[in-house]
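A structural walkthrough
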Amino acid sequence: MENLKIPHRILLLHYGKSSAFAGKNIKLRNALAEAVIHEANLMHKIRIDESEIIHAGTKHTSGHSIIDQVADQISIAPGKSVGHWIKQLAANDTIALHVTENLINNQLLKAHKNKGLFRKKPTTYSLNGKNDSQLVSDYLKESAKSDARSTISLAILTKHEI
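This structure is a prediction, so every number in the text was calculated from the model and none was measured. (Residues numbered from 1 in each chain as written. Predicted model: local features only at pLDDT ≥ 70, side-chain atom pairs only at ≥ 80, totals over all residues. Heavy atoms only, no water.)

**A closer look at the packing of aromatic side chains**
- In the structure shown here, the tally under the stated rule is two aromatic pairs.
- Judged by centre distance (5.2 Å) and plane angle (45 degrees), the rings of Tyr15 and Tyr125 are tilted. Separated by 110 residues along the polypeptide, Tyr15 in helix 1 (residues 6-17) and Tyr125 in strand 4 (residues 124-127) bring together distant segments of the chain.
- The class of Tyr15 is buried, set by a relative accessible area of 3%.
- Each ring, one from Phe21 and one from Tyr125, has its centre 6.2 Å from the other, and the planes form 45 degrees; the classification is tilted. A residue pair is termed long-range when its members are at least 10 positions apart, and Phe21 in the loop between helix 1 and helix 2 (26-42) and Tyr125 in strand 4 qualify at 104 residues.
- A relative accessible area of 11% places Tyr125 in the buried class.
- Members of the aromatic cluster, each reached through a chain of ring pairs, are Tyr15, Phe21 and Tyr125. (Phe/Tyr/Trp six-rings, centres within 6.5 Å; stacked < 30°, edge-to-face > 60°. Helix = DSSP H or I, 4+ residues; strand = E, 2+ residues; numbered from the N terminus. Buried < 20%, exposed > 50% of the residue type's maximum accessible area, 1.4 Å probe, protein only.)

Shown next as structure tokens:
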């Protein structure tokens, strides 16, 4: 559980409560955008100063394409606030789609493609394990004092009222 990145933790909690695609919910998109920013900071791809975000200047790849993309965007337009980047990154469902696909690829999430007689019904999602959402929630609460990702995850969930 400790290896799960912040956006993955947030989406596991979401899909434990709802089968709807996360990208449709603006609060969730904002939370995911902030989660990616904090994850990039933890991976030393960016630095969050008091009022702005700056590229850390590292050239190495993080191994996570969405984090590298965010760091690259920040390097092009440095000095913007966290709020600016949350708004910018949450403008579409790219992060939600990427992390959802990653959870599916890692067999933590199942996609159910429903088809109707004359129209396509929206894809729904469910966790592979029935108690995974509760396990993530319990882990976040128990490890918040010793794990930065858990502390940040809980703060983001509270801030965005998720």
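**Remarks on the pairing of strand 4**
- Every second residue of strand 4 is oriented toward a common face, the buried set being Tyr125 and Leu127 and the non-buried set Thr124 and Ser126.
- Bridge count between strand 3 (residues 109-112) and strand 4: four bridges; the pairing is antiparallel. What sits directly across from Leu109, in strand 4, is Leu127. (Pairing = 2+ DSSP bridges.)

**Some thoughts on the nonpolar core**
- Within the largest apolar cluster, 41 residues are counted, with the highest numbers of intra-cluster contacts made by Ile10, Leu11, Tyr15, Ile37, Ile46, Ile95 and Ile156.
- Of all the secondary-structure elements, those providing two or more residues to this core are helix 1, helix 2, helix 3 (65-76), helix 4 (82-89), helix 5 (94-105), strand 4, helix 6 (132-143) and helix 7 (148-159).
- In this view, Leu11 contacts Ala22, Leu28, Leu32, Ala96, Val99, Thr100 and Leu103; residues no more than four positions away in its chain are not counted. (Core = buried A, V, L, I, M, F, W, Y, C linked by side-chain atoms within 4.5 Å. Contact = heavy atoms within 4.5 Å.)

**Topic: helix 5**
- Between its first and last C-alpha atoms helix 5 spans 16 Å; for twelve residues at 1.5 Å apiece the expected length is 16 Å, and the two agree.
- Three or more residues of helix 5 are buried, namely Ile95, Ala96, Val99, Thr100 and Leu103. Along the axis of helix 5, the buried positions cluster into a sector of 125 degrees, meaning they face one direction only.
- Tucked into the core, helix 5 has its buried residues touching helix 1, helix 2, helix 3, helix 4, strand 3 and strand 4.
- Two residues or fewer past helix 5, Gln107 is found with a positive phi of approximately 60 degrees. (Expected span 1.5 Å × (residues − 1). Arc of directions from axis to C-beta.)

**Notes on the side chain of Lys5**
- Among the secondary structure elements, Lys5 is positioned in the segment before helix 1.
- Among buried charged residues, Lys5 stands out as having no salt bridge; its nearest opposite-charge side chain is Glu39, 4.3 Å away.
- If we skip the residues at most four places from it in the chain, Lys5 touches Glu39, Met43, His64 and Arg149. (Lys, Arg positive; Asp, Glu negative; His and termini not counted. Salt bridge = Lys/Arg side-chain N within 4 Å of Asp/Glu carboxyl O.)

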